[in-house]
Amino acid sequence: MKILFLYATLSGNSAMLSEQLSEKMAAAHPDHQFEVKDADNSKGENFADFDLVIFVTSTWDEGNMNLVCEEFLDQLSGVEGRRFALIGLGDTSYIHYCGAVEKVEAKLRELGATLIGTPHKVDGFIDDDRVNEAATWAEGILAS
Ligand SMILES: Cc1cc2nc3c(=O)[nH]c(=O)nc-3n(C[C@H](O)[C@H](O)[C@H](O)COP(=O)(O)O)c2cc1C
């Protein structure tokens, strides 16, 4: 399988998680191919080359999508039937914890993408524990 970690970030955390997760998954699954892309440089693409896109993005501004994510999704098309899974970064110190997750999910469904599994939420700064938890979730996604 060819799997893409596609991140839309404002302060770099989604990028950091995507890179570390991709490395970890690639080491565990030499039979699959993993790539990482920045959504900001991928506008207008429909990711037809990939069997699965794991979209990694964050919540800002009182429970909303970050601006890079919003702009990217506004220009996304041609993803009918394409498989997406979702990782949402946020922080429980904010009232609307990971509020963007439902919004991104709704937008992807509206575009006709097929959502695989339950979105995974990541609280706070990226450390080894967060990467390991996300890898356990990603294993479940690959198995399903
Ligand atoms: C100004 C600001 C607003 C934020 N608003 C929220 C929020 O409403 N809900 C939430 O869960 N996290 C919120 N966060 C936390 C970010 O989602 C978190 O730091 C995330 O790791 C950032 O990821 P990124 O660097 O990929 O953009 C906010 C952070 C900042 C700095």
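Colleague: Go over the site of the ligand, please, and point to the residues and values.
Modeller: Around the ligand lies a shell of 19 residues, among which Thr9, Ser11, Ser14, Ser58 and Thr59 are the nearest. Side-chain polar atom of Trp60 to an oxygen atom of the ligand: 3.0 Å apart, as the coordinates give it. The contact in question runs from a nitrogen atom of the ligand to an N or O atom on the backbone of His96, over 2.9 Å. When the free accessible area of the ligand is taken as 650 Å², the share hidden by the protein chains comes to 84%. Structurally, the ligand is housed in the largest pocket. Elements supplying a minimum of two residues to the shell around the ligand: helix 1 (13-28), strand 3 (52-60) and strand 5 (83-90).

Colleague: Give me the layout of surface pockets: which residues, what numbers.
Modeller: Approximately 430 Å³ is the volume attributed to the largest pocket. A total of three residues in the lining of the largest pocket trace back to one element, the largest contributor, which is strand 3. Tallied by class, the residues present in the lining of the largest pocket amount to eight nonpolar, eleven polar and three charged.

Colleague: Tell me about the nonpolar core, and please be specific about residues and values.
Modeller: Grouped burial of nonpolar side chains is what soluble globular proteins tend to show. Ranked by internal contacts, the top residues of the largest apolar core, which has 25 residues, are Phe47, Phe55, Leu73, Leu76 and Phe84. Ignoring sequence-local partners within four residues, the contact set of Phe84 consists of Phe47, Leu52, Val53, Phe55, Leu76, Val79, Leu108, Ala113, Thr114, Leu115 and Ile116. Listed in part, the 24 residues of the second largest apolar core include Met25, Leu52, Ile54 and Val56.

Colleague: Describe the pairing of strand 3, naming the residues involved and giving the relevant values.
Modeller: Within strand 3, eight of the nine residues are buried, leaving the element largely enclosed by the surrounding structure. When strand 1 (residues 2-8) meets strand 3, the two strands line up parallel, connected through six bridges. The residue bridging Phe5 from the neighbouring strand is Ile54, located in strand 3. Relative to strand 5, strand 3 runs parallel, the two sharing six bridges. Across the sheet, the residue bridging to Thr57 is Gly88, located in strand 5. Here strand 3 pairs with strand 4 (residues 64-65) via two bridges, running antiparallel. Bridge assignment links Trp60 to a residue of strand 4, and that residue is Asn64. The turn linking strand 3 back onto strand 4 is made up of three residues, and Asp61 within it adopts a positive phi angle of 50°.

Colleague: Describe the packing of aromatic side chains, and please don't skip the residues or the numbers.
Modeller: All told, the structure shown has three aromatic pairs when counted by the stated rule. Aromatic pair Phe47 and Phe72: ring centres 6.1 Å apart, planes at 50°, arrangement tilted. Separated by 25 residues along the polypeptide, Phe47 in the loop between strand 2 (33-38) and strand 3 and Phe72 in helix 2 (residues 67-74) bring together distant segments of the chain. Taken individually, Phe47 and Phe72 each receive the classification buried, so the pair is uniform in this respect. Each residue in the set Phe47, Phe55 and Phe72 is aromatic and connected to the rest through ring pairs, giving one cluster.

Colleague: Any chance you could break down the state of the cysteines for me, citing the residues and the numbers?
Modeller: Here the structure, examined in full by the defined rule, presents zero disulfides. The closest cysteine sulfur to the non-disulfide-bonded Cys98 is located on Cys69, 12 Å from its own sulfur.

Colleague: Account for unusual backbone geometry, with residues named and values stated.
Modeller: For Asp61, which is not a glycine, the phi torsion comes out positive at approximately 50°. Structurally, the position occupied by Asp61 is in the loop between strand 3 and strand 4.

About the criteria used
- Residues numbered from 1 in each chain as written.
- Predicted model: local features only at pLDDT ≥ 70, side-chain atom pairs only at ≥ 80, totals over all residues.
- Heavy atoms only, no water.
- Near = heavy atom within 4 Å.
- Polar contact = N/O pair within 3.5 Å; in protein donor to acceptor, adjacent residues only side chain to side chain.
- Areas by Shrake-Rupley, 256 points an atom, 1.4 Å probe, with all protein chains shown as cover.
- 1 Å grid on protein atoms, 1.4 Å probe; cavity = no way out; pocket = protein on both sides within 12 Å on 5 of 7 lines; lining within 4 Å.
- Sits in = over half its atoms within 2 Å of the grid points.
- Helix = DSSP H or I, 4+ residues; strand = E, 2+ residues; numbered from the N terminus.
- Points joined across faces, edges and corners; volume = space filled by probe spheres on them.
- Nonpolar A, V, L, I, M, F, W, Y, C, P; charged D, E, K, R; others polar.
- Core = buried A, V, L, I, M, F, W, Y, C linked by side-chain atoms within 4.5 Å.
- Buried < 20%, exposed > 50% of the residue type's maximum accessible area, 1.4 Å probe, protein only.
- Contact = heavy atoms within 4.5 Å.
- Pairing = 2+ DSSP bridges.
- Phe/Tyr/Trp six-rings, centres within 6.5 Å; stacked < 30°, edge-to-face > 60°.
- Disulfide = S-S within 2.5 Å.

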